[in-house]
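Geometric and topological summary
Listed below, chain by chain, are the residues.
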There are 2 protein chains.
Amino acid sequence: MAKRRPRQVDVAKHAGVSPAIVSLVLNGKTDDKIRISPQTVERVKASMRELGYMPNPIARSLATGHNRILGVFTYESVFPLQSENFYFPVLVGIEDEIEAQDYDLLLFTRSRRYAGRRSVYRDGVNQLLMADGSIVFGRDVAADEVARLHDEGYPFVSIGRVETDRPISYVATDYAGATFEVIEYLVGHAHRSIAYLGAPDRSVSYRDREGGYRMAHEHLGLALDERRVRYVDPETLRADDLQALLDGGATAIVCEHHRLAVALLRVARERGLSAPRDFSLALLGEPPRAADSLANCTTFRIPLYAIGVEAVRLLARVLDGHEGPLRSTLSCDFVSGHTVATLAP
Amino acid sequence: MAKRRPRQVDVAKHAGVSPAIVSLVLNGKTDDKIRISPQTVERVKASMRELGYMPNPIARSLATGHNRILGVFTYESVFPLQSENFYFPVLVGIEDEIEAQDYDLLLFTRSRRYAGRRSVYRDGVNQLLMADGSIVFGRDVAADEVARLHDEGYPFVSIGRVETDRPISYVATDYAGATFEVIEYLVGHAHRSIAYLGAPDRSVSYRDREGGYRMAHEHLGLALDERRVRYVDPETLRADDLQALLDGGATAIVCEHHRLAVALLRVARERGLSAPRDFSLALLGEPPRAADSLANCTTFRIPLYAIGVEAVRLLARVLDGHEGPLRSTLSCDFVSGHTVATLAP
DNA sequence: CTGAAAGCGCTTACAG
DNA sequence: CTGAAAGCGCTTACAG
């Protein structure tokens, strides 16, 4: 049958040299200090061709300690290959840049199958080790796992700021700044009393937005009424909730999440209310295309593709030996939309 | 600094056993014939935890000869991660099934950078060797490379039939059958004289369609006029070409490729002609969403997602030791559309 | 039931 | 300029 592939020794024997020479010729280390006679090089190359030799990349990885493979791990429950997925453009950016950096791309799809929350560790074993380095992302990057990865010395970059005391590398999105800008815009339209509708789960990116909201109040000299900051599940949002905010004097509402905004518009309709007629509305982050009711919403655009690209760039630098954490924060583009009206004095 | 990761020997020493025992415990080979005392197992596990040991997957790959990684290589110039890409749904199917089969997914993005046509071989070296097996696809899977892969004994599955004498595994699309069905449909609408507009490049999938066209003529007892079979570049298609076909008696036209159909409708419009009023039109394969002018075209749907899934299934069987080539041919769904009219007698 | 050894196929100091 | 050897970190027969 198919006789086993020739190995380096076979080539060495065939060419009458030692395996080391074959390795050197293979890796083109023939010009530096270690000089091999041109005839020898030619003889080795001829033998390689003749025997149809091709080096085993696994063995090479073991010997060198790297393999030019970059891994991608997501904490999302579903791999972001579905193009409607929020993270899909990030993945495209990652892929493009991994190609540009001349790496292959390993998608850790296996891990998904293991119970409970997704985890980089399976039975306590780091699943990323096959790749030279990895990018991890998802709405909820697990701070403890990331800390452990760091402590192990595994090279990785997180997409999304992670709250940990470890000096990890990440690319963050400036949700705080973008939210600040939205509040500024509302204030520029004469709003002084802006309600904040947040998700019940206070993940980092949400808290960053809220931070921007609070900072804007401080910097712009607006009074902040805590009764106007509400965390609510879109499922349970009632028309009464909206009414209460408006009765409390709010003239504008910002929503952390598109589902909150959709729910808000729905309950508004129940009462015959709409934006921007009865209240102004801004969304803190781009809505998915499918959310028709938000097509013209005032919001900001998250640079998803660029985030993916930047993550790979940082990872490449880490792998090139950069010491210390590497961090980038990318800003969002404000989108004025049509759900904010100037408040009549 | 970060002291190097503990290896198996370290655990062995710590637990006072030989490395072999650690390996056995690690791989749970503790129940079969080789029995290790429960205390020993516990001691080893405790040592592993204590030292924070995690096995090196590369070393394991080298020793076992596999790593539960499946590769994906495309002959397309651009990786099909762009969601508008024809092959994108195939990739999604591949990814889903690779996950289901508990493998990781290695995307060979590196190869793209190497000059000329895309190739599995870089400087003569098979780039796929890192993965246990791979799926290759693209509009033009290189028959010579695929033959070589087969001769080397590398496990792979091709998406798309490949014309080679080697018994390779592939999943094909029944373009011939689908085209047959289209012709049958046209004949059912009283057409007897059906022109065939093909691409100048006669890649396998195109020839399969043409085969279906010819077979349909034979089986349905239709005369086939070779002057009605034309290979033409969509760029150079002229209104005169259409006119000539119609003057020659053609009442219906089938197009191999959506760009041909778009071009055909364009030149038709120049003459004030349209389908299905002045001629009937069918497209031999689903148009991309962006092709508005073909939104209602009579055509057939290519089961792209299912093709990806099936390819992974075949590959998994090959890796499970199945001997001999594995082949699947998936059929397309006819889409009646609105570009075919019944011919007045 | 456990240990010592060879092997997976490379690369890289280290001698000559 | 080239060879012999050790090492990368595992697994798997093979002895005991």
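Rules used throughout
- Residues numbered from 1 in each chain as written.
- Chains lettered and ligands numbered in written order.
- Predicted model: local features only at pLDDT ≥ 70, side-chain atom pairs only at ≥ 80, totals over all residues.
- Heavy atoms only, no water.
- Domains from an automatic or database assignment.
- Near = heavy atom within 4 Å.
- Polar contact = N/O pair within 3.5 Å; in protein donor to acceptor, adjacent residues only side chain to side chain.
- Helix = DSSP H or I, 4+ residues; strand = E, 2+ residues; numbered from the N terminus.
- Least-squares fit on C-alpha atoms with pLDDT ≥ 70 in both.
- Pairing = 2+ DSSP bridges.
- Axes fitted to C-alpha atoms, helices over the stretch in contact; angles between N-to-C directions.
- Expected span 1.5 Å × (residues − 1).
- Buried < 20%, exposed > 50% of the residue type's maximum accessible area, 1.4 Å probe, protein only.
- Contact = heavy atoms within 4.5 Å.
- Buried area = accessible area lost by both parts, 1.4 Å probe.
- Salt bridge = Lys/Arg side-chain N within 4 Å of Asp/Glu carboxyl O.
- Nonpolar A, V, L, I, M, F, W, Y, C, P; charged D, E, K, R; others polar.
- Parallel < 35°, antiparallel > 145°, perpendicular 65-115°, else oblique.
- Left-handed = near helix turned anticlockwise from the far one by under 90°.

Domain boundaries assigned for chain A yield domain 1 (8-55), domain 2 (69-173 + 304-332) and domain 3 (175-302). For domain 1 of chain A versus domain 2 of chain A, the separation of C-alpha centres amounts to 39 Å.

So, on to the protein's contact with DNA strand D. As a matter of local geometry, DNA strand D sits amid 26 residues, with A:R35, B:Q8, B:S23, B:N27 and B:Y53 nearest to it. One of the backbone nitrogen or oxygen atoms of B:Q8 is found 2.9 Å away from a phosphate oxygen of DNA strand D. At 3.1 Å, a backbone N or O of B:N56 approaches a phosphate oxygen of DNA strand D. At the level of secondary structure, the elements contributing two or more residues to the surface near DNA strand D comprise α2 (19-26) and α4 (57-64) of chain A together with α2 (19-26) and α4 (57-64) of chain B. It is α4(B) that provides the largest number of residues to the surface near DNA strand D, a total of four residues.

Time to look at the relation of the copies chain B and chain A. By a simple turn and slide, chain B fits onto chain A: the slide is 0.0 Å along the axis, the RMSD is 0.0 Å, and the turn is 180°. The two molecules are tied by a two-fold rotation axis, judged by turn and shift. Identified as the residue of chain B closest to the rotation axis by C-alpha distance is B:L106, at 2.2 Å.

Once that is clear, we can look at the sheet that holds strand β9 (residues 229-231) of chain B. Residues and elements named next belong to chain B. Read from one edge of the open sheet, four strands run β9-β8-β10-β11, paired in parallel fashion. Only two strands of the sheet have a single neighbouring strand rather than two, namely β9 and β11 (280-283). Each adjacent strand pair in this sheet contributes to an overall mean axis angle of 20°, direction not counted. Looking at chain direction, strand β8 (residues 194-198) and β9 are connected through three bridges and run parallel. Bridge pairing in β9 places G198 opposite Y231.

So, on to helix α8 (residues 204-219) of chain B. Residue and element names in this part refer to chain B. Given a rise of 1.5 Å per residue, 16 residues ought to cover 22 Å, and the 22 Å separating the end C-alpha atoms of α8 matches this to within 8%. Regarding α8, the residues found buried are V204, S205, Y206, D208, R209, E210, G212, Y213, A216 and H217. Among the structural elements, α7 (175-188), β8, β9, β10 (252-255) and β12 (299-301) are those in contact with the buried residues of α8. Taken from the residues just after α8, G221 is the one with a positive phi, measuring 70°.

Next up on the list: the interface of chain B and chain A. In this assembly, 45 residues from chain B lie in contact with 45 residues from chain A. Where chain B abuts chain A, roughly 4,200 Å² becomes buried across the two surfaces, and 65% of that area is made up of carbon and sulfur atoms. Counting the contacts that link chain B with chain A gives two salt bridges. When the shortest N-O distance is used, the salt bridge between A:D102 and B:R110 registers 3.2 Å. Here chain B is connected to chain A by ten residue pairs in polar contact (both at pLDDT 80 or more). Put simply, the parts of the chain that give the side of chain B that touches chain A at least two residues each are α4, α5 (88-100), β2 (104-107), β3 (121-122), β4 (125-126) and α6 (143-152) of chain B. At eight residues, α5(B) tops the list of elements feeding residues into the side of chain B that touches chain A. When its residues are assigned to classes, the side of chain B that touches chain A shows 24 nonpolar, eight polar and 13 charged. In the sheet, strand β2 (residues 104-107) of chain A pairs with β2(B) via three bridges, with the strands oriented antiparallel.

As enumerated under the stated definition, the model contains 40 salt bridges over all chains in all. Across the salt bridge formed by B:R139 and B:E76, the nearest N and O atoms sit 3.0 Å from each other. Taken together, the residues span a long stretch of sequence, with B:R139 in the loop between β5 (133-137) and α6 and B:E76 in the loop between β1 (69-74) and α5 at a distance of 63 residues. With relative accessibility at 37%, the residue B:R139 sits in the partly exposed group. One salt bridge in this structure joins B:E226 and B:R214, with 2.8 Å as the shortest N-O distance. With B:E226 in the loop between α8 and β9 and B:R214 in helix α8, this pair connects stretches of sequence that are twelve residues apart. Under the relative-accessibility criterion, B:R214 is labelled partly exposed at 27%. A single salt-bridge network, built from bridges that share partners, covers A:R202, A:E210, A:R214, A:E226 and A:E256.

Okay, the packing of α7(B) against α8(B) next. Residue and element names in this part refer to chain B. Direction vectors running N to C along α7 and α8 enclose 45°, while the axes themselves pass 7 Å from each other. On the basis of their axis angle, the class for α7 and α8 is oblique. You can see that α7 and α8 cross each other, and the crossing is right-handed. On the side of α7, the interface is formed by Y175, A176, T179, F180 and I183, while α8 contributes S205, D208, R209, G212, Y213, M215, A216 and H219.

This brings us to the environment of A:D208. Residues and elements named next belong to chain A. In this structure, D208 sits in helix α8 (residues 204-219). Spatially, the C-alpha atoms of D208 and T179 are 8.7 Å apart, while their sequence positions differ by 29 residues. Beyond its immediate stretch of four places on either side in the chain, D208 contacts R161, Y175 and A176.

Residue and element names in this part refer to chain A. Where helix α5 (residues 88-100) contacts helix α11 (residues 304-319), the axes come no closer than 7 Å and their chain directions differ by 40°. In terms of their interaxial angle, α5 and α11 are classed as oblique. Along this stretch, α5 crosses α11, giving a crossing that reads as right-handed. Residues P89, V90, V92, G93, I94, D96, E97 and I98 of α5 lie in contact with α11, whose contacting residues are L304, Y305, G308, V309, V312 and R313. Counted by class, the contact of α5 with α11 contains nine nonpolar, two polar and three charged residues.

Residue and element names in this part refer to chain A. An order of β9-β8-β10-β11 is seen for the four strands of this open sheet, with the pairing classed as parallel. Whereas interior strands pair on both sides, the edge strands pair on one side only; in this sheet they are β9 (229-231) and β11 (280-283). Between one strand axis and the next, the sheet turns through 20° on average, direction left out of account. When strand β8 (residues 194-198) meets strand β10 (residues 252-255), the two strands line up parallel, connected through four bridges. Bridged to L197 within β10 is C255.

With an omega of 0°, the peptide bond between A:A275 and A:P276 qualifies as cis. As for its placement among the helices and strands, A:P276 is situated in the loop between α10 (258-270) and β11. Positioned with a positive phi, A:A190 is a non-glycine residue whose angle comes to about 75°. Summarising the element assignment, A:A190 is placed in the loop between α7 (175-188) and β8. In this structure A:A190 comes out as partly exposed when scored by relative accessible area, which is 32%. In this structure, B:R68 takes a positive phi of about 55° despite not being glycine. Relative to the elements of secondary structure, B:R68 occurs in the loop between α4 and β1.

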